[in-house]
Amino acid sequence: MSRTEFLKTVVPFNLLPNDVIESVANLLHEVNYSKDTLIYQQEITKMKGVDIIVSGEYESFFYDSAQNKRLLEKHHSGFCYGGVSVLLNRKRSLRTVIAKKGTTVYFLHRRDFRGLCHAYDDFFHHFTSDFGRRMLNEEFAHFAKKPTSFEESFIASEQLYSRKIESIESREIIYCKTYTPVYEAAQIMSAGKISCLIVKNEQDKVVGFVTDITLRDKVLATRGDSSDPVERIMDNPVVTINVHSYVYEALLMMFSSKTRYILTEDHGVLKGIISRNKLLSEQAQSPLVYIQSVKLSLSVDELKSKWEQVPQMITQLIGRGVNAEIVNQIITTVADTIAQKVIEGVIADMGTPPAKFVFMVLGSEGRKEQTLKTDQDNAIIYEDKANEHREEVREYFLKFADTVSEKLNYIGFSFCTGGFMAKNPNWTHSLSHWKRNYESWMLESLPETVIKFSTFFDCRYIYGEMQIMEELWAFLDEKLQQPMEKLFFHMANNALQYQPPLTSFFKNIRTITVGSQEVFDIKKAMTPIVDLVRVYALKNRIFKANTGERLKALKEKGIFSETAYHELNQSYYYLMAMRLRKQASQIIHDKAEPDNYIDPTSLTKIEQVTLKEIFKTIEDFQSRIKMEYTNSLFG
């Protein structure tokens, strides 16, 4: 077979005009390999052009840090290697390649290959489109993307040597006297919910301390007399440190003295007490331990400080390649923990609620897909009470909701501009009232009521009696078994309102002008995925809150194929990672309020190509939902 005839069988050369194919055939150089040969190394070898395999085999792969071969692929006759490397990877080989013994290839020089790409769009888009699809594979993307330079580390080890004690909130010191009976000291500790009680003598000088361990080892284990004065069992020495000292100094003092508590002082005046666990948790790099430090927060101001640290944590996690779905879960867990601490504090101030209730979150927080640009979306459901108590119950929860909402706003969770908050009397009601809300939204099925239903379908319990939430879900499950074509029609229409930002022939990303920049709204680009997955979940009575969880459940039910599941799931979380990275950068580097606008020119070629493939995927699924739900209603 002649070179010209061979090229006519090779994608994408077969897209070129016949006379061009003949010209290209004359430019090819034949290369033969008589033994297995390492010809390209990932990110090292500078590509001189592209190879078209005539016969034999190429083996390509990525090396991981342990020099293991990852994503091993074998390529045969007709495969073209090097196009993506030349076009999108700074002319560096994307993968490591071994030419197997007996392989013959045609080599096309880089300048000639680039010339074809400039002259023929279809030829060029073959390489960019194929690469965009492959970048949706999480493992491929991990190895293909350029090594990420690490941002400022979230509570990293260097902070151990720069952070001062005054930046860590201490607890109030609670005292007793040396003559205080042991049982009374235990009562003081129980009432104050503390694990360390400081002992003073008659001259008001600190002389020792009593801990839970002291009581266990020196009283309970020895069957000691709980009427004895605490001076008989108290521990020493009491360790103090100046508030302007460094955290590492405090930890070294505590380890050397084997104490688990340290008193802070400023100009000779004792200010507070800090446990060793708190200091260690403040320094931990693990987000899970960080969440524990949020739980140990003592005030609304400390919770505010914790939320302000989240962008640094997110930047580091994404920089390390942590999947955006996991990052979302971490943000959500921190936000939930803060809300739970606020709720507990308000209940402590207001007293026990007069009825069982659920505090639920909605929208993106309800889906566990919270970003760094977030507002409050929440509501309260309380149990139905007898008529004579209804006003009393409602009055409590409206005041409770208002107080919680104000504190969350102060911490950094701004008021919802749409009013979807428990603070709004419309969204704090009894269970029977909430059932009527959902039923009327489903039955009316108008565009405006469907939006409310969508928002409140994305709801999730974070505090209170889970049984109330389960009763609501059971009610919805029953109602959704009835014909609901109109509801699904309007919900499907919502998923079609936003068109992915692609110009004709998918050549460029369509932008809007915001200020002096040409940008696209990445939140709106993601919304169709959220909307269409929600429709399928509702139709199949899947009461998962999270988009990823809904997708997985739909795949398991056979509603989505394995391929469709992976395309949507990977597309969604690729966009989410890009969105989180941009928002964290705005907060940390620009000291600005985060937004959802992305300037396409700020993205790498690889990112632009991947986005185009994602937008095409979204358009394909919008076509599917249009066919299944909107066309079917009107025949």
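On a predicted model such as this, the values are computed, not experimentally measured, just so you know.

Rules of the game
Residues numbered from 1 in each chain as written. Predicted model: local features only at pLDDT ≥ 70, side-chain atom pairs only at ≥ 80, totals over all residues. Heavy atoms only, no water. Helix = DSSP H or I, 4+ residues; strand = E, 2+ residues; numbered from the N terminus. Buried < 20%, exposed > 50% of the residue type's maximum accessible area, 1.4 Å probe, protein only. Contact = heavy atoms within 4.5 Å. Areas by Shrake-Rupley, 256 points an atom, 1.4 Å probe, with all protein chains shown as cover. Lys, Arg positive; Asp, Glu negative; His and termini not counted. Charge placed at Lys NZ, Arg CZ, Asp CG, Glu CD. Pairing = 2+ DSSP bridges. Axes fitted to C-alpha atoms, helices over the stretch in contact; angles between N-to-C directions. UniProt positions renumbered as here; feature names shortened; annotations may be inferred. Domains from an automatic or database assignment. Parallel < 35°, antiparallel > 145°, perpendicular 65-115°, else oblique. Left-handed = near helix turned anticlockwise from the far one by under 90°. Nonpolar A, V, L, I, M, F, W, Y, C, P; charged D, E, K, R; others polar. Arc of directions from axis to C-beta.

Regarding the overall build of the protein chain
In step 1: Tallying secondary structure elements over the protein chain gives 23 helices and 21 strands in all.
In step 2: Along the first, second and third principal axes, the C-alpha atoms of the protein chain reach 105 × 65 × 50 Å.
In step 3: Looking at the 635 residues of the protein chain, the share that counts as buried comes to 50%.
In step 4: Sequence separation of at least 24 residues holds for 71% of the intrachain contacts in the protein chain that already meet a minimum separation of 6.
In step 5: Counting every atom, the protein chain has about 30000 Å² of accessible surface; 49% of that belongs to carbon and sulfur.
In step 6: In the protein chain, 79 side chains carry a positive charge and 81 a negative one; their mean positions are 5 Å apart.

Some thoughts on the sheet that holds strand E5 (residues 69-75)
Backbone-to-backbone hydrogen bonds join strands into a sheet, with any given pair of strands oriented parallel or antiparallel.
In step 1: Judged by pairing direction, the sheet is antiparallel, and its four strands sit side by side in the order E2-E7-E4-E5 without closing on themselves. Each of the sheet's edge strands pairs with one partner strand only, and the pair in question is strand E2 (37-40) and E5. Put simply, the sheet's adjacent strands are angled 25° from each other on average, direction ignored.
In step 2: Examined bridge by bridge, E2 and strand E7 (residues 96-99) share three bridges and lie antiparallel to one another. Bridge assignment links Thr37 to a residue of E7, and that residue is Ala99.

Some details on the UniProt feature "domain: CBS" (unreviewed entry) in the protein chain
In step 1: Per the UniProt record, the feature "domain: CBS" (unreviewed entry) sits at residues 169-227 and 234-291.
In step 2: Taken end to end, residues 169-227 is 34% helix and 24% strand, and its two terminal C-alpha atoms sit 34 Å from one another.

Digging into the domain arrangement of the protein chain
In step 1: What the domain assignment lists for the protein chain is domain 1 (3-144), domain 2 (165-282), domain 3 (298-478) and domain 4 (491-631).
In step 2: Look at where the C-alpha atoms of domain 1 and domain 3 centre, and you get two points 52 Å apart.

Examining the environment of Ala25
In step 1: Of note, Ala25 is situated in helix H2 (residues 18-27).
In step 2: Ala25 sits in the buried class, given a relative accessible area of 5%.
In step 3: Sequence spacing of Ala25 and Glu593 is 568 residues, and the spatial spacing of their C-alpha atoms is 56 Å.
In step 4: Setting aside anything within four residues of it in sequence, one finds Ala25 in contact with Arg3, Thr4 and Leu7.

Digging into the pairing of strand E15 (residues 357-361)
In step 1: Counting buried residues in E15 gives five out of five residues, a clear majority hidden from the surface.
In step 2: Residues Phe357, Phe359 and Val361 of E15 are buried on one face, and the alternating residues Val358 and Met360, pointing to the opposite face, are buried as well.
In step 3: One ladder, built from five bridges, connects E15 with strand E16 (residues 378-382); its direction is antiparallel. Each bridged residue has a counterpart across the sheet, and for Val358 the counterpart in E16 is Ile381.

Comments concerning the packing of helix H20 (residues 522-539) against helix H21 (residues 547-556)
In step 1: The interhelical angle for the contact between H20 and H21, taken along N-to-C directions, is 45°, at an axis separation of 10 Å. The angle between H20 and H21 falls in the class oblique. Note that H20 runs across H21; the crossing there is left-handed. Residues Ile529, Val530, Val533, Arg534, Tyr536 and Ala537 of H20 form the contact with H21, whose participating residues are Thr547, Arg550, Leu551 and Leu554.
In step 2: Classifying every residue of the contact of H20 with H21 by side-chain character gives seven nonpolar, one polar and two charged.

Focus: helix H7 (residues 182-192)
In step 1: Within H7, burial applies to Val182, Ala185 and Met189. Down the axis, H7 shows its buried residues gathered within 60° of arc, on one side only. Pointing more than 90 degrees away from the buried face of H7 are the exposed residues Ser190 and Ala191.
In step 2: Against the buried residues of H7 lie strand E10 (196-200), strand E11 (206-211) and helix H8 (212-220).
In step 3: Positive backbone phi, approximately 50°, marks Lys193, located one or two places after H7.

Topic: the packing of helix H17 (residues 447-457) against helix H19 (residues 485-496)
In step 1: Between H17 and H19, the least distance of the axes is 9 Å, while the angle of their chain directions is 80°. One way to sum up the angle between H17 and H19 is to call them roughly perpendicular. Contact residues: Pro447, Val450, Ile451, Phe453 and Ser454 in H17; Leu487, His490, Met491 and Asn494 in H19.
In step 2: In terms of residue class, the contact of H17 with H19 is made up of six nonpolar, three polar and no charged.

Thoughts on the environment of Leu538
In step 1: With respect to the helices, strands and loops of the structure, Leu538 is situated in helix H20.
In step 2: Between the alpha carbons of Leu538 and Gln329 there is a distance of 22 Å; along the sequence they are 209 residues apart.
In step 3: If sequence neighbours within four positions are ignored, Leu538 has contacts with Phe453, Phe457, Leu480, Phe488 and Met491.

Points about the sheet that holds strand E14 (residues 269-275)
In step 1: On the basis of which strands lie adjacent, the open sheet formed by three strands has the order E12-E13-E14 and mixed pairing. In this open sheet, the two strands that pair with only one neighbour each are strand E12 (240-242) and E14. Strand-to-strand, the axes of this sheet are offset by a mean angle of 35°, without reference to chain direction.
In step 2: Relative to E14, strand E13 (residues 261-266) runs antiparallel, the two being bridged by six bridges. Pairing of Thr264 across the sheet is with Gly272, part of E14.

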